[in-house]
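Architecture and fold: a report
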Amino acid sequence: MSMSRIDWEHLPEHVHHAVEVHTGPVIKAETVSGGKNSQIAACVSTADQLVFVKGMPSDHPQHPSQQREAAINPYVAPRLAPTILWRVQDSGWDLLGFENVSGRHADYEPSSPDLPRVLQLAGELAQVETPPASVVRSVEQRWAAHADPGAAERWRAGRTLLHTDLASHNVLLGETRDWLIDWAWPTVGPAWVDPVVLILRLMEAGHTAAQADMVCGALPAWQGADRAEVASFSAANARLWKSITVHDPEPWKLHTARMAEQWCSYWSGMD
């Protein structure tokens, strides 16, 4: 479930003071409207710097996602993601302070000129050194409950770092470089998993399944994908999204679940 966003001024004073230990006095804080998984998200200005701050109460059910983002950051920043400068845990709140980066969200519509840049980022991610198991869960662990018997065990061989949430709002395109943001679900598994995830996002933006398949064809990870393994994972992913909508029928989640089903139908029809 998406979190309700609050403004900087509504955080406890003790939290403000704890942040200012790292930043100096805060002059201005502007709430950011984008994103769904942080209760506070703001660009915080001081006399000599601008920092992006995101966070939530430490006892929030979604707090583990922030723990994961903090843990993975040293492995993906600054190469792919903004660097976490500091972390504040005070008065029941957990805040991450990121270097502020300028950019716009990627456009995933068909024929968008942004698509080659998105693929470039996805390709760079596939080259990142795999973090230890203590930092990230595996595809097998995350999708096993929805997989056909024995399927998840075969995904265990994949050792590529994956983002697994390659939505357009998680890609920032800047004037001189681009970033992958919101690392709430870093995972280790077969390199073709992120292309499957990306394909659903492309379909949400208006691509047909065939068009999305063709776009991702530029990725080496997709070119070498095992058809049967992709089919088994796609089916498990569709079941996962269906189960999510049973408990949390937000419109965008229902839409993603439909795209996952459509993708499965397309992929199975390719045999």
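Look up a bit, the structure's there.
Below: a short report on this structure. The structure displayed is predicted, hence computed values, not measured ones. (Residues numbered from 1 in each chain as written. Predicted model: local features only at pLDDT ≥ 70, side-chain atom pairs only at ≥ 80, totals over all residues. Heavy atoms only, no water.)

Taken together, three strands build an open sheet; the order of strands is 6-9-10 and the sheet is antiparallel. This sheet does not close on itself; its edge strands, each paired only once, are strand 6 (104-105) and strand 10 (178-180). The sheet contact formed by strand 6 and strand 9 (residues 171-173) spans two bridges and is antiparallel. Across the sheet, His 105 pairs through a bridge with Leu 172, a residue of strand 9. On the sheet, helix 3 (residues 115-125) packs against strand 6, strand 9 and strand 10 and is oriented at approximately 60° with respect to strand 10. (Pairing = 2+ DSSP bridges. Helix = DSSP H or I, 4+ residues; strand = E, 2+ residues; numbered from the N terminus. Contact = heavy atoms within 4.5 Å. Axes fitted to C-alpha atoms, helices over the stretch in contact; angles between N-to-C directions.)

Here the focus is the environment of Arg 104. Here Arg 104 shows up in strand 6. Since its relative accessible area comes to 41%, Arg 104 is described here as partly exposed. The sequence separation of Arg 104 and Asn 170 amounts to 66 residues, and the corresponding C-alpha distance is 10.0 Å. Ignoring anything within four residues of it in the chain, the contact list for Arg 104 reads Asp 114, Arg 117, Val 171, Leu 172 and Leu 173. At 2.7 Å, the side chain of Arg 104 forms a polar contact with the side chain of Asp 114. (Buried < 20%, exposed > 50% of the residue type's maximum accessible area, 1.4 Å probe, protein only. Polar contact = N/O pair within 3.5 Å; in protein donor to acceptor, adjacent residues only side chain to side chain.)

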